[in-house]
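What follows is the residue order along each chain.
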Amino acid sequence: MSRCLADRSIDHVVLERGEVANSWRNERWDSLRLLTPNWQSRLPGHGYEGDDPDGFRTMPETIEFIERYAQVISAPVRTDTTVTSVRSTDEGYVVTTTQGDWRCRTVVIASGACNIASVPPVAAGVPSSITTLTPMDYRNPEQLGQGGVLVVGASASGTQIAAEIHRSGRPVTLALGEHIRVPRVYRGRDIEWWMDAAGVLDEFYSEVDNIDRVRGVPSLQLAGSDDRRTVDLNSLTDMGVKLRGRLAGINGGKAQFSGSLRNLCELADLKMNRLLDRIDEWATENQLDDEVSPPHRFEPTRVEPSPPLGMDLTSGDIRTIVWATGFRPDHSWLDVPVFDRKGLIRHDGGVVEAAGMYLMGIPFLRRRKSSLIDGAADDARDLSAHLASHLAGESARAAPDATASAVG
Ligand SMILES: Cc1cc2nc3c(=O)[nH]c(=O)nc-3n(C[C@H](O)[C@H](O)[C@H](O)COP(=O)(O)OP(=O)(O)OC[C@H]3O[C@@H](n4cnc5c(N)ncnc54)[C@H](O)[C@@H]3O)c2cc1C
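Residues numbered from 1 in each chain as written. Predicted model: local features only at pLDDT ≥ 70, side-chain atom pairs only at ≥ 80, totals over all residues. Heavy atoms only, no water.

### Digging into the environment of asparagine 273
Here is step 1: Assignment of secondary structure puts asparagine 273 in helix α8 (residues 261–285).
Here is step 2: Note on asparagine 273: relative accessible area 26%, which makes it partly exposed.
Here is step 3: When the C-alpha atoms of asparagine 273 and histidine 296 are compared, they prove to be 9.7 Å apart, with 23 residues separating the residues in sequence. (Helix = DSSP H or I, 4+ residues; strand = E, 2+ residues; numbered from the N terminus. Buried < 20%, exposed > 50% of the residue type's maximum accessible area, 1.4 Å probe, protein only.)

Put into structure tokens, the structure is as follows:
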């Protein structure tokens, strides 16, 4: 957004509570790699120029990439500046920070979609003998005591963390709900390549049914690694990870899993096959069938005939629980009445229901790719155009100290 505002000569500052690339520095586990290939982190005017476009950045590489971008575009970032309040005034907004106040006519909220790890209410029943963690606290298996681990949630974070912990010799049980299964590689090409080329990632928010539901769907079960392996439930079962249904409750130290495991897995398989059908159709329409390997389907997810519905958490078998149950944004500093009943900011494709206020970086903000680094460019181009026309419409008003300010 900063680059797009600069292109339009719109005076702005970027307020950051930590350092540039703060979330990648402080809120990710050690072994994490981007699940999007190197070529796919395309920022405005800044693509991948290395010799490994299909590789996956490590965290230090990701931090360096974002730091370099901030330097290349000379982003006016104020680090160590936490926004503690944003209030509306007759002229726009007053942004209060730990380093003083800013007055501005527009505000772009780019403070991230994953500020807080969501932990379900059932966590209240976990016996005190068990250590609990979220993907934001988790760094590596050595941080955990010996003994069994229950990982709750089987999307990108849960499956990757389950695999890593199990490999460390701590037996893992994985309790799972709705999840999105995709292969890493299909017909010889990365799944992200297919989704990008076939236009899946460009789907627009106004074209999908029930956008509120779609904005809440979990991340793809995907991981980035040198060998491009698929981390799915079958690969976890092959390692020895035990699969259980959704963690529905904990009563008297006993975990209860729902009986829907098979249905959940069948649904994920069905949805994956629908995506692969769409890819196959697109490949044929675009005369790619001779260039790539033939269409095929993956083994359905294997589920035990009668997976146990309970687990005694007081027996000592489970020493740690990892809540890989998603993330949510933290907009507690926003003192403008723009929240819906669920506490989410009301917006239309990033145009917030408060004049001159914009939102970036949340799932399906404007496009399916909006929550990815790669989605920021198109969203920022669209929203900076809207912001510029807002300023033009308001130009009769008195000019405050700064024209725009971006948080995050
Ligand atoms: C575990 C995990 C893995 C991911 N893997 C990928 C991947 O492989 N590829 C991909 O494209 N995307 C991935 N994502 C999504 C990724 O987070 C986004 O693509 C990207 O970080 C969004 O950038 P952002 O700037 O919108 O948000 P963030 O990176 O979260 O940045 C928000 C910034 O705002 C700052 N901030 C927050 N509140 C305040 C405040 N009150 N005052 C001042 N500053 C504030 C934060 O310190 C932070 O630096 C992943 C996300 C997670 C959680």
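### Focus: the pairing of strand β4 (residues 92–97)
Here is step 1: In terms of burial, β4 is largely enclosed, as six of its six residues are buried.
Here is step 2: With six bridges connecting them, strand β3 (residues 83–89) and β4 associate as antiparallel partners. Looking across to β4, one finds that arginine 87 is bridged to valine 94.
Here is step 3: Connecting β3 to the antiparallel partner β4 that follows it, the hairpin turn spans two residues.
Here is step 4: Pairing between β4 and strand β5 (residues 100–109): five bridges, direction antiparallel. The partner of threonine 97 across the bridge, within β5, is glycine 100.
Here is step 5: Hairpin connection, β4 to β5: the antiparallel pair is bridged by two residues. (Pairing = 2+ DSSP bridges.)

### Some words on the side chain of aspartate 280
Here is step 1: Here aspartate 280 is to be found in helix α8.
Here is step 2: A polar contact of 2.8 Å, which involves the side chain of aspartate 280, links it to the side chain of tyrosine 186.
Here is step 3: Of note is the side chain of aspartate 280, whose polar atom sits 2.8 Å from the side chain of arginine 297.
Here is step 4: Those residues in contact with aspartate 280 that sit more than four places away from it in its chain are Tyr186, Arg187, Pro295 and Arg297. (Polar contact = N/O pair within 3.5 Å; in protein donor to acceptor, adjacent residues only side chain to side chain. Contact = heavy atoms within 4.5 Å.)

### Points about the sheet that holds strand β8 (residues 148–152)
Here is step 1: Pairing is parallel across the open sheet formed by five strands, whose spatial order is β7-β18-β8-β9-β14. At either end of the open sheet lies a strand with only one pairing partner, and these are β7 (131–133) and β14 (242–244). Direction aside, neighbouring strands of the sheet carry axes that sit 20° apart on average.
Here is step 2: Of the strand pairs in this sheet, β7 and strand β18 (residues 318–323) are connected by three bridges, and their pairing is parallel. Bridging across to β18, threonine 131 finds its partner in threonine 320.
Here is step 3: Set on the sheet, helix α4 (residues 156–167) makes contact with β8, β9 (172–175) and β18; between it and β9 the angle comes to about 165°. (Axes fitted to C-alpha atoms, helices over the stretch in contact; angles between N-to-C directions.)

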